[in-house]
Amino acid sequence: MARRRLDLTFPPRQATKAITYHLVKDFDLVPNILRAQIQPAQEGRMLLELTGSAEQFEAGVAFLRAEGIGVREAASDICLDDERCVVCGLCTAVCRPGALTLAEGTAELVFDKDKCVYCEACVVACPRRAVTLRF
Ligand code: SF4
Ligand code: SF4
């Protein structure tokens, strides 16, 4: 079993299609929607995490592409501005998955992309506006 993150782009005509239902039912994949910007009749974006075997994953991606949905490996990330950050640790306190931590014994903020669920709690919590999210 592998876990991969995809950045999906929906054309307006597909914006409301129940693609996660098909990924579960037809391909036995486990989807986890991390972020979505979907409006009826408008182009949409979704950051989707999929868990399954390589074969299931390839079949699921082929299905998405056949539906006209743009599929890319996710490049979403959080961006830390070192000039603004004072390493106060507030963002680590609100980061439930533990993606942001303070390195033990040092004044260094560490980001683990694999643990991040792009909830933006750190963006809101930072008093210095040192964190931004790219999606
Ligand atoms: S809350 Fe902001 S200033 Fe504080 S450690 Fe996090 S990024 Fe740096
Ligand atoms: S976006 Fe959420 S999960 Fe990711 S680092 Fe910030 S608080 Fe943690």
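Residues numbered from 1 in each chain as written. Chains lettered and ligands numbered in written order. Predicted model: local features only at pLDDT ≥ 70, side-chain atom pairs only at ≥ 80, totals over all residues. Heavy atoms only, no water.

Re the site of ligand 1
The immediate surroundings of ligand 1 are formed by 13 residues, with Cys85, Cys88, Gly89, Cys91 and Cys126 found nearest. Grouping the constituent residues of the shell around ligand 1 by class yields 11 nonpolar, 1 polar and 1 charged. (Near = heavy atom within 4 Å. Nonpolar A, V, L, I, M, F, W, Y, C, P; charged D, E, K, R; others polar.)

Considering the sheet that holds strand β3 (residues 44–52)
Overall, antiparallel pairing links the 4 strands, which are arranged β2-β3-β1-β4 in an open sheet. Two strands close off the open sheet at either side, each with one partner strand: β2 (30–37) and β4 (70–73). Here the strands of the sheet are splayed against their neighbours by 25° on average, with no regard to which way each runs. Alignment of β2 against β3, held across 7 bridges, turns out to be antiparallel. Looking at β3, one finds that Ile33 is bridged to Leu48. (Pairing = 2+ DSSP bridges. Helix = DSSP H or I, 4+ residues; strand = E, 2+ residues; numbered from the N terminus. Axes fitted to C-alpha atoms, helices over the stretch in contact; angles between N-to-C directions.)

Some thoughts on unusual backbone geometry
Phi angles above zero are rare outside glycine, and Tyr118 is one such case at about 55°. The class of Tyr118 is buried, set by a relative accessible area of 4%. Phi angles above zero are rare outside glycine, and Glu120 is one such case at about 75°. Along the chain, the position of Glu120 falls in the loop between β7 (109–111) and α4 (121–125). The class of Glu120 is partly exposed, set by a relative accessible area of 30%. (Buried < 20%, exposed > 50% of the residue type's maximum accessible area, 1.4 Å probe, protein only.)

Things to note about the nonpolar core
Of all hydrophobic cores here, the largest spans 16 residues; its most connected members are Leu6, Leu8, Ile19, Leu23, Leu48, Leu50 and Leu64. Contributing elements (two or more residues each) for this core: β1 (2–10), α1 (19–25), β3 and α2 (54–66). For Leu50, the contacting residues outside a window of four places in its chain are Ala2, Arg3, Arg4, Leu6, Leu23, Leu29, Val30, Pro31 and Phe57. Within the second largest apolar cluster, 14 residues are counted, among which are Cys95, Ala99, Cys122 and Val131. (Core = buried A, V, L, I, M, F, W, Y, C linked by side-chain atoms within 4.5 Å. Contact = heavy atoms within 4.5 Å.)

Side note on the side chain of Arg35
Topologically, Arg35 is positioned in strand β2. A polar side-chain atom of Arg35 sits 3.2 Å from the main-chain carbonyl oxygen of Tyr118. (Polar contact = N/O pair within 3.5 Å; in protein donor to acceptor, adjacent residues only side chain to side chain.)

Some points on the packing of aromatic side chains
Between two aromatic rings, the relevant description is the distance of the centres plus the angle of the planes. The final tally for this structure, using the stated rule, is 1 aromatic pair. Consider the rings of Phe27 and Phe63, whose centres lie 5.4 Å apart with planes at 40°: the pair is tilted. With Phe27 in the loop between α1 and β2 and Phe63 in helix α2, this residue pair connects regions lying 36 residues apart in the sequence. Here the two residues Phe27 and Phe63 agree in accessibility, since each one is buried. (Phe/Tyr/Trp six-rings, centres within 6.5 Å; stacked < 30°, edge-to-face > 60°.)

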